[in-house]
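An overview of the molecular structure
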Protein chains: 2
Amino acid sequence: MGKTATIRDVAQRASVSTATVSRVLNDDAHVVEATRQRVMDAIADLRYSRNDVARSLKTRSSRIVGIVSPELTNDFFMGIANGIEAALKKLKYSVIICSSNESRDEEKRLLKVLVEKAVDGVIVIPASDKGSHLKPFQDAGMPIVLADRLVEDFEADAALSDNFGGAREVVAAFIRRGARRIAFIGGASRLSNARERFEGYRAALAEGGIEEEPGIERFGDFHMESGRALMKDLLGRENPPRAFFIANLYMHIGATSFLLSLPEAERRGIRIAGFDSMAYSPLLGFCTLAVEQRIAELGGEAARLIMDRIGKRDKPFPEIVRLPTRLVVTENER
Amino acid sequence: MGKTATIRDVAQRASVSTATVSRVLNDDAHVVEATRQRVMDAIADLRYSRNDVARSLKTRSSRIVGIVSPELTNDFFMGIANGIEAALKKLKYSVIICSSNESRDEEKRLLKVLVEKAVDGVIVIPASDKGSHLKPFQDAGMPIVLADRLVEDFEADAALSDNFGGAREVVAAFIRRGARRIAFIGGASRLSNARERFEGYRAALAEGGIEEEPGIERFGDFHMESGRALMKDLLGRENPPRAFFIANLYMHIGATSFLLSLPEAERRGIRIAGFDSMAYSPLLGFCTLAVEQRIAELGGEAARLIMDRIGKRDKPFPEIVRLPTRLVVTENER
DNA sequence: CTGAAAGCGCTTACAG
DNA sequence: CTGAAAGCGCTTACAG
């Protein structure tokens, strides 16, 4: 930037002290209207814009919250980020969104950068099931909130979906609609949300009086490729299942794209119950039921949790919020 | 954060001045090794972390670049953001990603916030075809770079795809593969990228000796719903086309989801040439050809452009970069 | 090679 | 209701 006007320039032009300018800038009530107006005019004349860097240095608050996401190109994570941003905007907070690139090391590095930038807190969507590298930052006083899932060796406030309940509900509905033999395609069970969804599936099965069949319960990595591979694998068995609960959207995409590569006859009658609903969900042609997460609210809750800690609100630690999910019946009933 | 160690604490512990600590922090060559080591030890002992806010205030550089995107939940935009972040990381720059929510007013507000945060520059993916609201910030000295598209009433460096060339290439390939009567579904032609793609389509038609048929050239708004509506509309004509060039991914999704709602017989033989390729592109079952944009590089170029201006590199203004696209033949040849 | 000191642009207790 | 002044944690010419 060029030479911008400072608070001193404004003070001079309005013939007041910098303290007074600062007061009107911060909506201090004790400034008499005439003075305030004079200052406002000077601000307008000079096109003065506050320097938040200086403000932050003095107040020790940057009014910035960091968000660390495993990836940027993921509508689910960005939906959460959106929810966070919307909630914080109202409090005049801004947000720095960073991608850990699904790497724990990068996650750690980003925390360090964010601390240097003096963010007031950070919301992390964990890249792995590990959290010990977050501990030192928390110990140093940085408020940290988890979103979407929990991690090992690290306790913190967290905003999560009711993965267990959602999975149980959708699988139960699937059973009610006649599905008996339901295969499971999910993420690695060391991840908290993947495990919870698997347990929800099992609970629904048990409640429906359906015996588990370990041979058709498969665990991938939440990515497209593993969804495709597992679907291929399951359909390659001697007696392949026709109903599937796929516990994550990307695996669902992979599985569907494999199905699309099959001759019409081979894929007929296949039905899928899935997780999440995004812009492109209408393309998931075999999906008949889905669990919808309240993505934006997940972000909103994460925002609330971090603000509570930043504001040193007195409350038990950690606070874990579980957001209910919603069952959705999709258009495809083909 | 709690009471963190400052440069003074480090200086004291290492028995040097704060100036020396600052020097080792900034890799100043003139510090003798023994001193450097002592300082490094003190830093480690105290778990000192630099306060970038103070640094920024003094150096007048925050080492932060703002990114303003029309939305967060969009893999194309976030792919650009990713490219920017990757490129800037190497230069020890960070990035603040904000969503304008497709609103020009919000875009303006965000610019103001970013100026207050003293970012060194901002890369904007315009929310509309208007840019006059960006002018005052540029005039005040803030480096601004556009990505993805140009706007009216505002000149700036820009990183763009060769929309014209890409559209022309894919439509030409479509024609070579036998398509004659190709309908056009695109975005509003006041948007620079939408217009360029339309012109590319027209050029390919002309070069292929195919007469334009205005009745099957339709303009929506780049969103899913309009893709769906326009596809429905076109198929509702007396003599509906069977080949489509859809100039944007979301419209492509909408169009495809409409097709999926049709009985098998009605949609048979429909072929689509599209734009972009994302994780869920395999689900676009009617797509046979696509133009792939170099999304990450688009971000990389935007990063380079903004750094050039921040570094006051002497070069003509504005610099407009056009990145070539790549033609992709998809798996579906059904 | 290292230090003393000024200053970046704000905010805020303390006076008055 | 308003001002003078200190100070937030750094960096950097200027000396030596």
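Details of the overall build of chain A
- Within chain A one finds 13 helices and 12 strands.
- In terms of overall size, chain A is more extended than a compact globule, its C-alpha atoms giving a radius of gyration of 25 Å where 334 residues would be expected to give roughly 20 Å.
- Counting all 334 residues of chain A, 56% fall into the buried class.
- Put simply, of all contacts in chain A between residues at least 6 apart along the chain, 67% involve residues at least 24 apart.
- Of the charged side chains in chain A, 49 are positive and 47 negative; the average position of the first set lies 4 Å away from that of the second.

Some thoughts on the interface of chain A and chain B
- Across the contact, 54 residues belong to chain A and 54 residues belong to chain B.
- Note on chain A versus chain B: buried area summed over both sides is about 4700 Å², and carbon and sulfur give 61% of it.
- At the junction of chain A and chain B, the tally comes to 4 salt bridges.
- Residues A:E106 and B:K89 are paired through a salt bridge, measuring 3.2 Å at the closest nitrogen-oxygen approach.
- Inspection of the chain A/chain B interface yields 6 residue pairs in polar contact (both at pLDDT 80 or more).
- Put simply, the parts of the chain that give the side of chain A that touches chain B at least two residues each are α4 (52–59), α5 (75–89), β2 (94–99), α6 (104–116), α11 (249–260) and α12 (264–267) of chain A.
- Per-element tally for the side of chain A that touches chain B: the top contributor is α5(A), with 7 residues.

Side note on the relation of the copies chain A and chain B
- Superposition of chain A onto chain B requires a rotation of 180 degrees combined with a translation of 0.0 Å along the rotation axis, giving an RMSD of 0.0 Å. Look at the turn and shift together and you get a two-fold axis relating the two. Taking C-alpha positions as reference, the residue of chain A nearest the rotation axis is A:I96, located at 2.4 Å.
- The fraction of interface residues of chain A whose copies in chain B are also interface residues reaches 100%, indicating that both copies meet through the same surface.

Details of the sheet that holds strand β5 (residues 157–161) of chain B
Residue and element names in this part refer to chain B.
- Within the open sheet, the 6 strands sit side by side as β2-β1-β3-β4-β5-β11. Their pairing is parallel. In the strand order of this sheet, the two ends are held by β2 (94–99) and β11 (320–323), each with one partner. The sheet shows a mean angle of 20 degrees between the axes of neighbouring strands, direction not considered.
- With 3 bridges joining them, strand β4 (residues 144–147) and β5 adopt parallel strand pairing.

Observations regarding the packing of helix α1 (residues 7–14) of chain B against helix α2 (residues 18–25) of chain B
All names here are of chain B.
- The interhelical angle for the contact between α1 and α2, taken along N-to-C directions, is 105 degrees, at an axis separation of 8 Å. Classified by the angle between their axes, α1 and α2 sit roughly perpendicular to one another. Facing α1, whose interface residues are I7, R8, V10 and A11, α2 presents T18, V21, S22 and L25.
- In terms of residue class, the contact of α1 with α2 is built from 5 nonpolar, 2 polar and 1 charged.

Regarding helix α9 (residues 192–207) of chain A
- Over its 16 residues, α9(A) extends 22 Å from the first C-alpha to the last, a length consistent with the 22 Å expected when each residue adds 1.5 Å.
- Once α9(A) ends, the next one or two residues include A:G209, with phi positive near 70 degrees.

Focus: the pairing of strand β3 (residues 121–124) of chain A
All names here are of chain A.
- Both faces of β3 are covered, namely the face carrying G121 and I123 and the face carrying V122 and V124.
- Of the strand pairs in this sheet, β3 and strand β4 (residues 144–147) are connected by 3 bridges, and their pairing is parallel. When the bridges of β4 are listed, V122 appears paired with I144.

Looking at the protein's contact with DNA strand C
- As a structural note, the neighbourhood of DNA strand C is formed by 26 residues, with A:S22, B:T20, B:R23, B:T35 and B:R60 the closest of them.
- A:I7 places a main-chain nitrogen or oxygen 2.8 Å from a phosphate oxygen of DNA strand C.
- Here B:R60 contributes a side-chain N or O atom positioned 2.7 Å from a phosphate oxygen of DNA strand C.
- Residue assignment for the surface near DNA strand C shows that the elements contributing at least two residues are α2 (18–25) and α4 of chain A together with α2 and α4 (52–59) of chain B.
- Each residue belonging to the surface near DNA strand C can be placed in one class, and the counts come to 9 nonpolar, 10 polar and 7 charged.

Overview of the side chain of B:S56
- Tracing the backbone shows B:S56 in helix α4.
- Side-chain polar atoms of B:S56 contact the backbone oxygen of B:D52, separated by 2.7 Å.
- Beyond its immediate chain neighbours, meaning those up to four positions away, B:S56 contacts A:V53, B:S61 and B:S62.

What to know about the domain arrangement of chain A
- On domain assignment, one finds that chain A holds domain 1 (7–49), domain 2 (60–160 + 296–322) and domain 3 (163–294).
- Placing the centre of domain 1 of chain A and that of domain 3 of chain A at their C-alpha centroids yields a distance of 62 Å.

Some details on the environment of B:D153
Residues and elements named next belong to chain B.
- By secondary structure assignment, the location of D153 is in the loop between β4 and β5.
- Judged by its relative accessible area of 55%, D153 falls in the exposed class.
- Taking the C-alpha atoms as reference, D153 lies 9.0 Å from H133; in sequence the two are 20 residues apart.
- Those residues within four positions of D153 in sequence are excluded, and the remaining contacts are G131, S132 and K135.

A short note on the packing of helix α1 (residues 7–14) of chain A against helix α3 (residues 33–46) of chain A
Residue and element names in this part refer to chain A.
- Here α1 crosses α3 at 125 degrees, and the two axes come no closer than 9 Å. If you check the angle between α1 and α3, you find them oblique. As for the relative orientation of α1 and α3, their crossing is right-handed in sense. Note on element contacts: α3 touches α1 through R38, V39, A42, I43, D45 and L46, opposite D9, V10, R13 and A14.
- Here the contact of α1 with α3 is composed, by residue class, of 6 nonpolar, no polar and 4 charged.

Regarding the pattern of salt bridges
Residues and elements named next belong to chain A.
- On inspection of all chains with the given rule, the structure shows 57 salt bridges over all chains.
- Across the pair D129 and K130 runs a salt bridge whose closest N-O atoms are separated by 3.4 Å.
- Between R322 and E196 there is a salt bridge whose closest N-O contact spans 2.9 Å. Taken together, the residues R322 in strand β11 (residues 320–323) and E196 in helix α9 connect sequence positions 126 residues apart.
- By relative accessible area, R322 is classed as partly exposed at 36%.
- When its relative accessible area of 14% is taken as the criterion, E196 is described as buried.

Thresholds applied
Residues numbered from 1 in each chain as written. Chains lettered and ligands numbered in written order. Predicted model: local features only at pLDDT ≥ 70, side-chain atom pairs only at ≥ 80, totals over all residues. Heavy atoms only, no water. Helix = DSSP H or I, 4+ residues; strand = E, 2+ residues; numbered from the N terminus. Rg over C-alpha atoms; globule rule 2.2 N^0.38 Å. Buried < 20%, exposed > 50% of the residue type's maximum accessible area, 1.4 Å probe, protein only. Contact = heavy atoms within 4.5 Å. Lys, Arg positive; Asp, Glu negative; His and termini not counted. Charge placed at Lys NZ, Arg CZ, Asp CG, Glu CD. Buried area = accessible area lost by both parts, 1.4 Å probe. Salt bridge = Lys/Arg side-chain N within 4 Å of Asp/Glu carboxyl O. Polar contact = N/O pair within 3.5 Å; in protein donor to acceptor, adjacent residues only side chain to side chain. Least-squares fit on C-alpha atoms with pLDDT ≥ 70 in both. Pairing = 2+ DSSP bridges. Axes fitted to C-alpha atoms, helices over the stretch in contact; angles between N-to-C directions. Parallel < 35°, antiparallel > 145°, perpendicular 65-115°, else oblique. Nonpolar A, V, L, I, M, F, W, Y, C, P; charged D, E, K, R; others polar. Expected span 1.5 Å × (residues − 1). Near = heavy atom within 4 Å. Domains from an automatic or database assignment. Left-handed = near helix turned anticlockwise from the far one by under 90°.

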